[in-house]
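Secondary and tertiary structure notes
Letter by letter, the chains look like this.
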Amino acid sequence: MTPSARLFSPEEIRSRLTAINPVVCVEEAFRAFSAGDAIVPAPGELIFDNPPGDVHIKYGYIGGGEFYVVKIASGFYENPRHGLPSSNGLMLAFERQTGALAAILDDRGHLTDIRTAAAGAVAAKYLAPAEVDTIGVIGTGMQAELQVKFLQTVRPCKNVLVWGRRKEGAEAYAEKMRQDGYSVTVAGSVEEVAERCRIIVTTTPSIVPHLHGAMIRKGTHITAMGADTPEKRELHADVFSAADMVVVDSRVQGSLRGDLKGALDAGTVDIGRVSELGQIIAGDAKARSGADQVTIASLTGLAVQDVAIASAVIAGDA
């Protein structure tokens, strides 16, 4: 008889995460993916208009791993106005040798949030300037918080300049982050963020680009992680023309969705000059090599990240 699947509650998942280094998990997952040691089919998705939201279904496994994982994660962007979290979801882990359901991780979207923030830290580790005096943030949601917090592991900096579409949202974000020890200023415009910050993280589900090429100063690194469907855009295509390096989590997936897709469609970047983050981690592609370089990490989120973080939670360590 097949043993019953273990149910991990949100509280147990959060407790187990304290013993895990998500940045290390995700870094190794990217390396495995680009080395061909992972199977990650194309994601499925549902797009909603009223209210606006999307649901992603991602799945895969890492060679030699014990589990294959299926993840369902949603984002409904008007939820915070009603006192609800914008993200939700769960992960299912199956034994790779038998197909038996081994674990249900009722994370309510938290593991997706964590692995996404960890990916931003990995990108900054290899691409951001060595010295950062202010972190620029576009957006005011959960990722706007977590990206900054995870950046502390690779580019410690407590100064934050944030811009949000709604000023009240930006003020609320600033106050919350101040309570966690950050010095936060609300920017009057996206242009102000681009002018003052050499590392910028974009965290919105926008379909209208925030950053344009003319705004970007030399030495800037941008991690764009909000545009994860074919329609979403945070970076105008001309930002890619200004870039010395363009890096993605997956060339295949990135060419079909988000900011890289927009740049490819506009002809402002050639896929041949786009590297995968896993290649840089493995030393098969170059990381940032000059203080004046403009670098872009366009991340659409890979199932291999979900496999890695779910497996680590189940094991209890990383």
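Now for a look at the structure at hand. Every value quoted in this text rests on a predicted model; they were computed, and no experiment measured them. (Residues numbered from 1 in each chain as written. Predicted model: local features only at pLDDT ≥ 70, side-chain atom pairs only at ≥ 80, totals over all residues. Heavy atoms only, no water.)

1. Some thoughts on the overall build of the chain
- Counting secondary structure elements, the chain contains 11 helices and 15 strands.
- Here the chain has a C-alpha radius of gyration of 19 Å; the compact-globule value for 318 residues is 20 Å, and the two agree.
- In terms of its C-alpha atoms, the chain occupies a principal-axis envelope of roughly 65 × 45 × 35 Å.
- Scored against the burial criterion, the 318 residues of the chain give a buried share of 55%.
- Residue pairs at least 24 apart in sequence account for 69% of intrachain contacts in the chain once pairs closer than 6 positions are excluded.
- By element, 52% of the accessible surface of the chain is carried by carbon and sulfur atoms, the whole surface being about 13,600 Å². (Helix = DSSP H or I, 4+ residues; strand = E, 2+ residues; numbered from the N terminus. Rg over C-alpha atoms; globule rule 2.2 N^0.38 Å. Buried < 20%, exposed > 50% of the residue type's maximum accessible area, 1.4 Å probe, protein only. Contact = heavy atoms within 4.5 Å. Areas by Shrake-Rupley, 256 points an atom, 1.4 Å probe, with all protein chains shown as cover.)

2. With respect to the sheet that holds strand S9 (residues 159-163)
- The strand order across the open sheet built from 8 strands is S10-S9-S8-S11-S12-S15-S13-S14, with neighbouring strands paired in parallel fashion. Each having just a single partner strand, strand S10 (183-186) and strand S14 (274-276) make up the two edges of the open sheet. In this sheet, neighbouring strand axes are inclined to one another by 20 degrees on average, regardless of whether the strands run parallel or antiparallel.
- Of the pairings in the sheet, the one linking strand S8 (residues 135-138) to S9 comprises 4 bridges and is parallel in character. Along S9, the bridge assignment pairs glycine 136 with leucine 161.
- Its contacts with the sheet put helix H3 (residues 110-127) on strand S11 (199-202), strand S12 (221-224), strand S13 (245-248) and strand S15 (295-298), and the angle it makes with S12 is roughly 160 degrees.
- Sitting on the sheet, helix H4 (residues 142-151) is in contact with S8, S9 and S11, with an inclination near 160 degrees to S8. (Pairing = 2+ DSSP bridges. Axes fitted to C-alpha atoms, helices over the stretch in contact; angles between N-to-C directions.)

3. Let's talk about the pattern of salt bridges
- Enumeration according to the criterion identifies 18 salt bridges in this entry.
- Between arginine 108 and aspartate 106 there is a salt bridge, with the nearest N and O atoms lying 2.9 Å from each other.
- For the salt bridge of aspartate 180 with lysine 149, the shortest nitrogen-to-oxygen distance reads 3.0 Å. Taken together, the residues aspartate 180 in the loop between helix H5 (167-179) and S10 and lysine 149 in helix H4 connect sequence positions 31 residues apart.
- Members of the salt-bridge network, linked through shared partners, are Arg6, Glu12 and Arg16. (Salt bridge = Lys/Arg side-chain N within 4 Å of Asp/Glu carboxyl O.)

4. Notes on a nonpolar patch on the surface
- A grouping of Ile57, Tyr59 and Ile72 is seen on the molecular surface, where their side chains present a nonpolar patch of about 220 Å² in accessible area.
- Among the structural elements, isoleucine 72 can be located in strand S5 (residues 67-76). (Patch = residues over 30% accessible without salt bridge, like charges linked within 9 Å, V, L, I, M, F, W, Y side chains within 5 Å.)

5. A short note on the nonpolar core
- Within the largest apolar cluster, 69 residues are counted, with the highest numbers of intra-cluster contacts made by Leu105 and Tyr173.
- The leading source of residues in this core is H3, at 11 residues.
- Apart from the residues within four sequence positions on either side, tyrosine 173 is in contact with Val137, Thr140, Ala144, Glu145, Val148, Val160, Val162 and Val184.
- Core analysis: the second largest hydrophobic core is formed by 26 residues, Leu211, Leu260, Ala263 and Val269 among them. (Core = buried A, V, L, I, M, F, W, Y, C linked by side-chain atoms within 4.5 Å.)

6. Regarding helix H9 (residues 258-266)
- Turning to H9, its buried residues number three or more, namely Gly258, Asp259, Leu260, Gly262 and Ala263.
- In this fold, the buried residues of H9 make contact with S12, helix H7 (237-241), S13, helix H8 (251-254), S14 and S15.
- Following H9 by one or two positions, glycine 267 has its phi on the positive side, about 75 degrees.

7. Observations regarding the pairing of strand S7 (residues 101-105)
- In the sheet, strand S1 (residues 6-8) pairs with S7 via 3 bridges, with the strands oriented parallel. Directly across from arginine 6, in S7, lies its bridge partner alanine 103.

8. Re helix H11 (residues 303-315)
- Compared with the 18 Å implied by 1.5 Å per residue over 13 residues, the 18 Å span of H11 between its first and last C-alpha is a close match.
- Of all the 13 residues making up H11, 11 are buried; the element is thus mostly covered by neighbouring parts of the structure.
- If you check which residues of H11 are buried, you get Ala303, Val304, Gln305, Asp306, Val307, Ala308, Ile309, Ala310, Ala312, Val313 and Ile314.
- Just downstream of H11, glycine 316 is the residue with a positive phi angle, here 95 degrees. (Expected span 1.5 Å × (residues − 1).)

9. As for the packing of helix H2 (residues 22-34) against H11
- Interaxial distance between H2 and H11 falls to 9 Å at its minimum, and their mutual angle equals 135 degrees. Between H2 and H11, the interaxial angle falls into the category oblique. As for how H2 packs across H11, the hand of that crossing is right-handed. Facing Pro22, Cys25, Val26, Ala29, Phe30 and Phe33 of H2, the residues of H11 in contact are Val304, Gln305, Ala308, Ile309 and Ala312.
- A per-class count over the contact of H2 with H11 returns 10 nonpolar, 1 polar and no charged. (Parallel < 35°, antiparallel > 145°, perpendicular 65-115°, else oblique. Left-handed = near helix turned anticlockwise from the far one by under 90°. Nonpolar A, V, L, I, M, F, W, Y, C, P; charged D, E, K, R; others polar.)

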